[in-house]
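In case you want the letters, here they are:
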Amino acid sequence: MNNRTVEIGVGLFVALGIAALFMLAMQVSNMSSITRKESYVITAAFENIGGLKVRSPVTVSGVRVGRVDAIDYDMHSYEAVVSLRIDDNYDTFPEDTSASIFTAGLLGEQYIALEPGGSMNNLKPGDRIQLTQSALVMEQVIGQFLYGSAARNTAEPEAGEPGAGGL
Amino acid sequence: MLDGLQSLGRATLGFFERLGRGNLFLLQALSNLPGMLLRPRLVLTQLYSVGVLTLLIVLVSGLFVGMVLGLQGYNTLVDFGAEDSLGVVVALSLVRELGPVVAALLFAGRAGSALTAEIGLMKATEQLSGMEMMAVDPVQRVVAPRFLAAMLSMPLLAAIFSAVGIYGGHFVGVGLLGVDDGAFWSQMQNSVDLRADIYNGVIKSVVFGFVAGWIALFEGYDAIPTAEGVSRATTRTVVHTALVVLGLDFVLTALMFGD
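Just so you know, these numbers come straight off a predicted model, no measurement behind them. Each chain carries its own residue numbering, running from 1 in the written order of its sequence. In the order they appear in the text, chains get letters beginning with A and ligands get numbers beginning with 1. The predicted nature of this model means local features are confined to residues of pLDDT at least 70 and side-chain atom pairs, given and counted, to a pLDDT of 80 or more, with totals for whole chains, interfaces and linings taken over all residues.

A.B. asks: Describe the environment of Ala 135 of chain A, and please don't skip the residues or the numbers.
C.D. replies: Residue and element names in this part refer to chain A. On the secondary structure map, Ala 135 appears in the loop between β8 (131–133) and α2 (138–155). For every residue, the other C-beta atoms within 10 Å of its own C-beta are counted; 20 or more classify it as buried, 12 or fewer as exposed, and values in between as partly exposed. C-beta atoms are placed from the backbone. Under the C-beta neighbour-count criterion, Ala 135 is labelled buried, with 20 such atoms within 10 Å. Taking the C-alpha atoms as reference points, Ala 135 and Ser 100, 35 residues apart in sequence, are found 7.2 Å from one another. Once C-beta atoms are placed from the backbone, any two residues with those atoms within 7 Å are in contact. For Ala 135, the residues in contact, after removing those within four places along its chain, are Asn 48, Ile 49, Gly 50, Leu 52, Ile 101 and Gln 110. Helix and strand definitions here come from DSSP, where helices need a minimum of 4 consecutive H or I residues and strands a minimum of 2 consecutive E residues; each element is numbered from the N-terminal end.

As structure tokens, then:
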């Protein structure tokens, strides 16, 4: 076997392998989006965070402005405390910004949507968002719906037989 | 009765003897690895026969495995209206499991068997003892460069397999079945994590390269120096490598993705 052929072959092989690794890192994984940008943290307390996870997106009007940094439970207020890491170029949210937990699609992942208020003062790093709306838990919604229709039926007994309410 | 016991005892002792020989052999090969930095040309030749010659089969199988994943994934996902997640399915299954495992199985069939046969034949034709007569350590001269070449080429082969497979899945999903191109890549990038998925896949393939190289070289080095002995050693290499790779893959997956 010619020495030159061997060397060219090995060179090609190694170059191809490194290119494949590079392609996996840059094109396939989320490496391009975890480049460390300057950011700051604000917190928000929720009664129920549902299926929210660390690294879930934080959006404003659908635009991703940060990610969930940490999720803790506060034993004094009995609420979940979520730390939001927001990119530094989005640093002028009003103090009365509200945070809600929504679900992307019917079965998608959960994310936090911020909605800016009208206050003249801006949120500072480390501040806590006061207005929050918890995640929608399917069982609760169905439960409320069932009780709601049962209550309606008993409130107007002449409309149907009492006790036969519900669905 | 006693004969039965004796043969059981002999088989057990033989098994442990072989296991011990294998470990001593591994230690010897590992202690010779640093010396390989001084003789890169030996490693280069082996990289050619172990890595470059395996490239073709890895490229072709990667492409087809990716295309099949694209086709099967699409048919299942489209029932849920989730065909946009096709990229995630293809990329995760390739990067986490199929890339390292299938590349290692192909590697055992293409390169491992060749290594065993080569070294076994060297032993049968007394080339190894000839080297020892000339005060050349056969482990250093013959085994170590092959071992290093196997460990270096496995991660590269696995990465090439995964990358080609993802393009194969992309070709079938986006090119033929009409999945949206942007959704294919962006959902993939959202779900595939550099550390959890890609690094762990690379670690897996390094481990598999280590195991495949060790088994192939030891089987050759320990083969009975006859035509039949070499042929049995070659068969054992492929079978044992496949079993160990599949078993280790489960253990590694449980460790890496278990929680």
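A.B. asks: If you had to explain the sheet that holds strand β7 (residues 128–129) of chain A to someone new, which residues and values would you point to?
C.D. replies: All names here are of chain A. One open sheet holds the eight strands; their spatial order is β7-β1-β4-β3-β2-β6-β5-β8, and the pairing between them is mixed. Each having just a single partner strand, β7 and β8 make up the two edges of the open sheet. Each pair of strands is called paired provided DSSP finds at least two bridges between the two strands. Taken together, the eight bridges between strand β3 (residues 63–74) and strand β4 (residues 79–87) define a ladder with antiparallel strand orientation. Bridging from a neighbouring strand, Tyr 73 pairs with Ala 80 of β4.

A.B. asks: Could you give an account of the pairing of β4 of chain A, naming the residues involved and the relevant values?
C.D. replies: Residue and element names in this part refer to chain A. The alternating pattern of β4 places Ala 80, Val 82, Leu 84 and Ile 86 on a buried face, while none of Glu 79, Val 81, Ser 83, Arg 85 and Asp 87, on the opposite face, is buried. Pairing of strand β1 (residues 39–46) with β4, which is carried by eight bridges, proceeds in the antiparallel orientation. Bridged to Ile 42 within β4 is Leu 84. Taken together, β3 and the strand that follows it, β4, pair antiparallel across an intervening segment of four residues, in which Tyr 78 is found at a positive phi of about 55 degrees.

A.B. asks: An account of the domain arrangement of chain A is requested, with residue identities and associated values reported.
C.D. replies: Note that the domain bounds reflect an automated or database-derived domain assignment. Under the domain assignment used here, chain A contains domain 1 (1–35) and domain 2 (38–141). Taking the mean C-alpha position of each, domain 1 of chain A and domain 2 of chain A sit 40 Å from one another.

A.B. asks: Describe the nonpolar core, naming the residues involved and giving the relevant values.
C.D. replies: Any nonpolar core is a set of buried residues, restricted to Ala, Val, Leu, Ile, Met, Phe, Trp, Tyr and Cys, that join up through C-beta atoms within 7 Å. By size, the foremost hydrophobic cluster in this structure holds 73 residues, and its most contacted members are Ala 103, Met 154, Ile 160, Ala 212 and Leu 217 of chain B. Among the secondary structure elements, those contributing two or more residues to this core are α1 (3–28) of chain A together with α2 (40–77), α3 (86–124), α5 (138–176), α6 (181–191), α7 (194–221) and α8 (227–257) of chain B. Sorting elements by how many residues they give to this core places α5 of chain B first, with 19 residues. Beyond its immediate sequence surroundings of up to four residues, Met 154 of chain B is in contact with Ala 103, Ala 104, Phe 107, Ser 205, Val 206, Phe 208, Gly 209 and Ala 212 of chain B. Within the second largest apolar cluster, 21 residues are counted, among which are Ile 42, Ala 44, Ile 86 and Leu 114 of chain A.

A.B. asks: Report on the interface of chain A and chain B, specifying residues and quantitative values.
C.D. replies: Taken together, the contact pairs 18 residues of chain A with 23 residues of chain B. The residue makeup of the side of chain A that touches chain B, split by class, is twelve nonpolar, five polar and one charged. Polar here means any residue outside two lists: the nonpolar Ala, Val, Leu, Ile, Met, Phe, Trp, Tyr, Cys and Pro, and the charged Asp, Glu, Lys and Arg; Gly therefore counts as polar.

A.B. asks: Residues and numbers for the environment of Val 41 of chain A, please.
C.D. replies: All names here are of chain A. Within the secondary structure, Val 41 sits in strand β1. Given 14 C-beta atoms within 10 Å, Val 41 falls into the partly exposed group. Setting aside residues no more than four positions away along its own chain, Val 41 makes contact with Asp 69, Ser 83, Leu 84, Arg 85, Pro 125 and Gly 126.

A.B. asks: I'd like to hear about unusual backbone geometry, residue by residue, with values.
C.D. replies: Here Tyr 78 of chain A, not a glycine, exhibits a phi torsion of approximately 55 degrees, which is positive. Locating Tyr 78 of chain A in the fold gives a position in the loop between β3 and β4. Among the residues examined, Tyr 78 of chain A registers 9 C-beta atoms within 10 Å and is labelled exposed. The phi dihedral of Ala 135 of chain B falls on the positive side, at around 60 degrees, and the residue is not glycine. Take Ala 135 of chain B: it is sitting in the loop between α4 (127–133) and α5.

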